[in-house]
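# Geometric and topological summary
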Amino acid sequence: MAKLYVVGIGPGGRENMTLKALKAIEESEVLVGYSFYIELLGDLVKAKEVIKTGMRGELERCKAAIESARAGKTTAIVSTGDSGLYGMAGPIHEMAEGVEIEVVPGISSAFSAAAELGAPIMHDFCTISLSDLLTPWETIESRLEMASKADFVIALYNPKSKTRTTQIERAFEIIREHKADSTPVGIVKNSGRFGKAVSTSTLGDTDFEDIDMMTVVIVGNKETYFKDGNIVTPRGYSI
Ligand SMILES: C[S@@+](CC[C@H](N)C(=O)[O-])C[C@H]1O[C@@H](n2cnc3c(N)ncnc32)[C@H](O)[C@@H]1O
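Residues numbered from 1 in each chain as written. Predicted model: local features only at pLDDT ≥ 70, side-chain atom pairs only at ≥ 80, totals over all residues. Heavy atoms only, no water.

With an unreviewed UniProt entry as reference, the chain is termed Cobalt-precorrin-3B C(17)-methyltransferase, source organism Andreesenia angusta. UniProt annotates the chain under Pathway (unreviewed entry) with the comment "Cofactor biosynthesis; adenosylcobalamin biosynthesis." (UniProt positions renumbered as here; feature names shortened; annotations may be inferred.)

All right, on to the UniProt feature "domain: Tetrapyrrole methylase" (unreviewed entry) in the chain then. As recorded in UniProt, the sites labelled "domain: Tetrapyrrole methylase" (unreviewed entry) are residues 3–205. Between the first and last C-alpha atoms of residues 3–205 the distance is 49 Å; the span itself is 33% helix and 25% strand. (Helix = DSSP H or I, 4+ residues; strand = E, 2+ residues; numbered from the N terminus.)

The environment of the ligand is made up of 19 residues, and the closest members are Leu 85, Ser 108, Ser 109, Met 213 and Thr 215. In the model, a nitrogen atom of the ligand is placed 2.7 Å from a nitrogen or oxygen of the Leu 85 main chain. A distance of 2.8 Å is found between a nitrogen atom of the ligand and a backbone nitrogen or oxygen belonging to Ser 191. Its free accessible area being 570 Å², the ligand has 91% of it covered by the protein chains. In this structure, the ligand is accommodated by the largest pocket. Grouping the amino acids of the shell around the ligand by side-chain chemistry returns nine nonpolar, eight polar and two charged. (Near = heavy atom within 4 Å. Polar contact = N/O pair within 3.5 Å; in protein donor to acceptor, adjacent residues only side chain to side chain. Areas by Shrake-Rupley, 256 points an atom, 1.4 Å probe, with all protein chains shown as cover. 1 Å grid on protein atoms, 1.4 Å probe; cavity = no way out; pocket = protein on both sides within 12 Å on 5 of 7 lines; lining within 4 Å. Sits in = over half its atoms within 2 Å of the grid points. Nonpolar A, V, L, I, M, F, W, Y, C, P; charged D, E, K, R; others polar.)

In this section: the environment of Val 6. With respect to the secondary-structure elements, Val 6 resides in strand 1 (residues 3–8). Counting along the chain gives 86 residues from Val 6 to Ile 92, while the straight-line C-alpha distance between them is 7.9 Å. Those residues in contact with Val 6, other than ones at most four positions away along the chain, are Ile 77, Ser 83, Met 88, Ala 89, Ile 92, Ile 101, Glu 102, Val 103 and Val 104. (Contact = heavy atoms within 4.5 Å.)

In this section: the nonpolar core. Ranked by internal contacts, the top residues of the largest apolar core, which has 21 residues, are Ile 128, Leu 130, Leu 144, Leu 156, Phe 172, Val 217 and Val 219. Put simply, the parts of the chain that give this core at least two residues each are strand 7 (125–129), helix 6 (137–149), strand 8 (153–157), helix 7 (167–176), strand 9 (184–189) and strand 11 (215–219). In terms of residue count, helix 7 provides more of this core than any other element does, five residues in total. Once you skip the residues sitting within four places of it in the chain, Ile 128 turns out to touch Tyr 86, Ile 140, Arg 143, Leu 144, Ala 147, Ile 154, Ala 155, Leu 156 and Tyr 157. Residues Met 17, Ala 24, Ile 25 and Val 104 belong to the second largest nonpolar core, which totals 16 residues. (Core = buried A, V, L, I, M, F, W, Y, C linked by side-chain atoms within 4.5 Å. Buried < 20%, exposed > 50% of the residue type's maximum accessible area, 1.4 Å probe, protein only.)

With parallel pairing, five strands are arranged side by side in an open sheet as 3-2-4-1-5. Sheet topology places strand 3 (49–53) and strand 5 (100–104) at the edges, where each strand pairs with a single neighbour. Each neighbouring strand pair of the sheet contributes to a mean axis angle of 20°, computed without reference to strand direction. Bridge count for strand 1 against strand 4 (residues 75–79) is five bridges, and the pairing is parallel. (Pairing = 2+ DSSP bridges. Axes fitted to C-alpha atoms, helices over the stretch in contact; angles between N-to-C directions.)

Let us look at the packing of helix 6 against helix 7. Two elements in contact, helix 6 and helix 7, have axes whose closest approach is 9 Å; the angle formed by their N-to-C orientations is 35°. Read as a crossing pair, helix 6 and helix 7 show a hand that is right-handed. The segment helix 6 lies against helix 7, with Trp 137, Glu 141, Leu 144, Glu 145 and Ser 148 engaging Gln 167, Arg 170, Ala 171, Ile 174 and Ile 175. (Left-handed = near helix turned anticlockwise from the far one by under 90°.)

One open sheet accounts for five strands, arranged 7-8-11-9-10; its pairing is mixed. Looking along the sheet, the strands with just one partner apiece sit at the ends: strand 7 and strand 10 (197–202). Sheet twist, expressed as the mean angle between neighbouring strand axes with direction ignored, is 20°. By the bridge criterion, five bridges tie strand 7 to strand 8 in an arrangement that is parallel.

Shown next, in the form of C-alpha cells:
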C-alpha cells in the first residue's frame, strides 16, 4: 500500500520546513496542494506529478490525494504551517479508507510569527480562526469572549479576506470588553517567507487596514509588555 503523507510545510520558507517534511516531499511521486502552497515549494516540485487546485478546493484535493495513494503512488498533500491546524490532516483522516496515512507536523504561523515578534506567547494561549465559512459566527464570538475573559494570549488566524472584511474589527470589539486597551498586539504578514512584514500596536490602537488573509494577529495577556520593540509575555520567573 502506498503511503499518503499529510505534510505541514511551515510558514513558507524552506529553512522553516522540518527535515521530516522535506523527506516526505522528496519521497513522494505525487504532490497535491493549493496552487500557492505548491509555488512555495519551488524546485522541490520538479519531476513530480502535481495536482493543484484553487481556494476552497480542499475536499477536491483530499479526494485526489487519497485516489493517488490508493492507485499505489506515494503521495504528499501539503498544508502551510501545521497540517493539523486548519489544514488537511482532519479531512484526510475523515475521508480516507484503505490508505496508510502519516501526518508530518509543521511550524504553525502563530509560532513563526511569535518568533519574529519576540516572545508574545510563552504561556497559555489559544488560536481562533475568524473564518465563518465552516464555523458559525456565533461560535467564533463565543470563543473570542471566553478566551479574552480567561486572559489567554490569542492568535487570530484567517483575520480577513476579500469577502470577509469586518470580522477582525468585531473580534477586537469583543476582546476589548475583557482586555485592556494597552494590551500589546503583534501583526505579522507573510511570516517566515518572502514579503514578511512585522508590526506592533496596542489593542486600543490597531489599524486594520494592512491586515489580510496572509496575516496572523497575536493579542497578549494582562502581563504582556513591549521591550526594545519586541513583545514579551512573562512565564512568571522572578527575574
Ligand atoms: C487555513 S489557515 C492555515 C493555518 C496553517 N495550517 C498554520 O498552521 O499556520 C490560513 C491562515 O493561516 C495564517 N497563515 C498561514 N501562513 C501564514 C504566514 N506565513 N504568515 C502569516 N499568517 C499565516 C493566516 O492567518 C491565514 O489566513
